[in-house]
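# A look at the structure
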Amino acid sequence: MSEEKIMMNLISHTGEKFVVLPKVARMCKTFANTMEEDDDEITDFDLNCPDKLSTDTLRKVVEYCNHFQTVEEMNEIDTPFKSEELDEIVTQKWYSDWANNLTRTQMFGLIEAANYLDIPELLNLMALAWACHIKGKSVEEMQKIFGITPPSS
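## A look at helix H7 (residues 120-134)
Here H7 spans 21 Å end to end across 15 residues, near enough to the 21 Å set by a 1.5 Å rise per residue. The set of residues buried in H7 consists of Leu122, Leu125, Met126, Leu128, Ala129, Trp130, Cys132 and Ile134. Buried residues along H7 sit against helix H3 (55-70), helix H4 (86-89), helix H5 (93-100), helix H6 (104-117) and helix H8 (139-146). A positive backbone phi angle near 80 degrees is found at Gly136, which sits one or two residues after H7.

Encoded structure:
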């Protein structure tokens, strides 16, 4: 491989570019399937994200994937769970803090993005974070969260 680092551009539907290493882009299997396996053979450095993926969501996807690939891979989430608290299930502080600090809107966006872009590690973390978030909520709270109109009596 050459001395110079090859970088890819993940481009949001609004045109904002997120510059990442090829191994970060390959975490998105949707993109990995269109990329050359050898970094030195890559000729198309721009990867366009789908319109339904907001720029803010893409920013969070890049943040997660960059950390996973360049700092610390997230451990596999073991089942059965030994707790009902996210930070006791996901013991790596960065990942549990990152997921715990997301808003509901961000969680929904990341679940959709992880599913569409085929990032199983992110999808697993977001599904777990969402489950921990809604655990113990009343029927009324769940109806409000999901925008469900209560049935009339």
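## A few points about the sheet that holds strand S2 (residues 17-20)
Pairing in this open sheet of 3 strands is mixed, and the strands run S2-S1-S3 from one edge to the other. Edge positions in the sheet fall to S2 and strand S3 (46-48), since each has one partner strand and no second. Strand-to-strand twist across the sheet, computed as the mean angle between neighbouring axes with direction ignored, equals 25 degrees. Pairing of strand S1 (residues 8-11) with S3 involves 3 bridges; the strand directions are parallel. Counterpart to Asn9 in the pairing with S3 is Asp46.

## Let's talk about the packing of aromatic side chains
Tallying each qualifying case throughout the model produces 8 aromatic pairs. Ring geometry for Tyr64 versus Tyr95: centroids 5.7 Å apart, planes at 65 degrees, classification edge-to-face. Within this pair, whereas Tyr64 is found in helix H3, its partner Tyr95 is found in helix H5, the two being separated by 31 residues in sequence. Given a relative accessible area of 0%, Tyr95 falls into the buried group. Taken together, a centroid distance of 5.9 Å and an interplanar angle of 75 degrees make the contact between Trp130 and Phe146 edge-to-face. A residue pair is termed long-range when its members are at least 10 positions apart, and Trp130 in helix H7 and Phe146 in helix H8 qualify at 16 residues. The class of Trp130 is buried, set by a relative accessible area of 9%.

## Regarding the side chain of Ser83
Position of Ser83 relative to the elements: it lies in the loop between H3 and H4. Judged by relative accessible area, Ser83 falls into the buried class, the value being 16%. One polar contact links the side chain of Ser83 to the main-chain amide nitrogen of Glu85, over a distance of 3.0 Å. If sequence neighbours within four positions are ignored, Ser83 has contacts with Glu88 and Ile89.

## Quick look at unusual backbone geometry
Going from Thr79 to Pro80, the amide bond is cis rather than trans, its omega being 0 degrees. In this model, Asp118 sits at a positive phi of 60 degrees, which is unusual for a non-glycine residue.

Definitions and limits used
- Residues numbered from 1 in each chain as written.
- Predicted model: local features only at pLDDT ≥ 70, side-chain atom pairs only at ≥ 80, totals over all residues.
- Heavy atoms only, no water.
- Helix = DSSP H or I, 4+ residues; strand = E, 2+ residues; numbered from the N terminus.
- Expected span 1.5 Å × (residues − 1).
- Buried < 20%, exposed > 50% of the residue type's maximum accessible area, 1.4 Å probe, protein only.
- Contact = heavy atoms within 4.5 Å.
- Pairing = 2+ DSSP bridges.
- Axes fitted to C-alpha atoms, helices over the stretch in contact; angles between N-to-C directions.
- Phe/Tyr/Trp six-rings, centres within 6.5 Å; stacked < 30°, edge-to-face > 60°.
- Polar contact = N/O pair within 3.5 Å; in protein donor to acceptor, adjacent residues only side chain to side chain.

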